[in-house]
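Close look at the chain arrangement
One-letter residues, chain by chain:
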Amino acid sequence: MIRKMEHVAIMVRDMDQSIRFYSEMFGFRVRLRGSKPDREMAFLYHEAQPDMEIELIQEKTTETEYSETGIVNHLAFSVENIEVTIQYLKEKEIVFTSDEVKPTLEGGRMILFHGPNQELLQLVERVK
């Protein structure tokens, strides 16, 4: 049976840029970084939830093309205060997909934006 959600994989164009983005914007840390002949990978974790990771994958060969489409639709981050987080990210020049925060099915609030590889990211403030 399934024990837990393990990680979300994101295809990236620039590994260093992507690691900087997730580290500086959200406080993720690199647990493991390595290479194979055809790809570089890094696993990032957050201290608040160390058993759920983001896997970044950068293809190193021209035989495998980077694809902007994939099965993963978005990566969501829980936040305490969505307005404070939006302001922080706007100061870092993040552009959101809309100007307004939208309701979630559970009565919380959310907003979307893109990461450095055009991956769709979501902030979620849950009902308290």
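Overview of the structure. Just so you know, these numbers come straight off a predicted model, no measurement behind them.

Regarding the pairing of strand β1 (residues 7-11)
The two faces of β1 differ: Val8 and Ile10 on one face are buried, but His7, Ala9 and Met11 on the other face are not. With five bridges connecting them, β1 and strand β4 (residues 49-59) associate as parallel partners. Each bridged residue has a counterpart across the sheet, and for His7 the counterpart in β4 is Glu53.

Let's talk about helix α2 (residues 82-91)
For α2, the complete set of buried residues consists of Ile82, Thr85, Ile86 and Leu89. For α2, the angular spread of buried residues about the axis comes to 100 degrees, placing them on one side. Exposed residues lying more than 90 degrees from the buried face of α2 are Val84 and Glu91. Put simply, Asn81 is the residue that caps the front of α2, since its side-chain oxygen is 3.0 Å from the backbone nitrogen of Glu83. Downstream of α2 by one or two residues, Glu93 has phi in the positive range, about 70 degrees.

What to know about the nonpolar core
What tends to happen in soluble globular proteins is that the nonpolar side chains get buried as a cluster. Membership of the largest hydrophobic core comes to 27 residues, with the highest contact counts inside it found for Tyr22, Phe26, Leu56, Phe77, Phe113 and Leu123. Elements that contribute at least two residues to this core include exactly β1, α1 (15-26), β3 (39-46), β4, β5 (75-78), α2, β7 (109-114) and β8 (120-125). With six residues, the single largest contributor to this core is α1. Leaving out residues up to four positions away in the same chain, Leu56 has contacts with Ile10, Val12, Met15, Ser18, Ile19, Tyr22, Glu40, Met41, Ala42 and Leu44.

Here we look at the sheet that holds strand β6 (residues 102-103)
Reading across the sheet, the four strands line up as β5-β8-β7-β6 and stay open at both edges, with mixed pairing between neighbours. The open sheet has two edge strands, β5 and β6, and neither has a second partner. Judged from the six bridges that link them, β7 and β8 form a sheet pairing that is antiparallel. When the sheet's bridge partners are listed, Arg109 is paired in β8 with Glu125. Across the sheet, α1 lies against β5, β7 and β8, angled at about 15 degrees from β8, the strand it touches most. The sheet contacts of α2 involve β7 and β8, and relative to β7 the element is tilted by about 15 degrees.

Some thoughts on the layout of surface pockets
In this structure, the largest pocket encloses a volume near 620 Å³. In terms of lining, the largest pocket is formed by 20 residues, of which the most central are Phe28, Gln49, Ala76, Phe77 and Ser78. Contributing elements (two or more residues each) for the lining of the largest pocket: α1, β4, β5, α2 and β8. Classifying every residue of the lining of the largest pocket by side-chain character gives 13 nonpolar, five polar and two charged.

Scoring rules and cut-offs
- Residues numbered from 1 in each chain as written.
- Predicted model: local features only at pLDDT ≥ 70, side-chain atom pairs only at ≥ 80, totals over all residues.
- Heavy atoms only, no water.
- Buried < 20%, exposed > 50% of the residue type's maximum accessible area, 1.4 Å probe, protein only.
- Helix = DSSP H or I, 4+ residues; strand = E, 2+ residues; numbered from the N terminus.
- Pairing = 2+ DSSP bridges.
- Arc of directions from axis to C-beta.
- Polar contact = N/O pair within 3.5 Å; in protein donor to acceptor, adjacent residues only side chain to side chain.
- Core = buried A, V, L, I, M, F, W, Y, C linked by side-chain atoms within 4.5 Å.
- Contact = heavy atoms within 4.5 Å.
- Axes fitted to C-alpha atoms, helices over the stretch in contact; angles between N-to-C directions.
- 1 Å grid on protein atoms, 1.4 Å probe; cavity = no way out; pocket = protein on both sides within 12 Å on 5 of 7 lines; lining within 4 Å.
- Points joined across faces, edges and corners; volume = space filled by probe spheres on them.
- Nonpolar A, V, L, I, M, F, W, Y, C, P; charged D, E, K, R; others polar.

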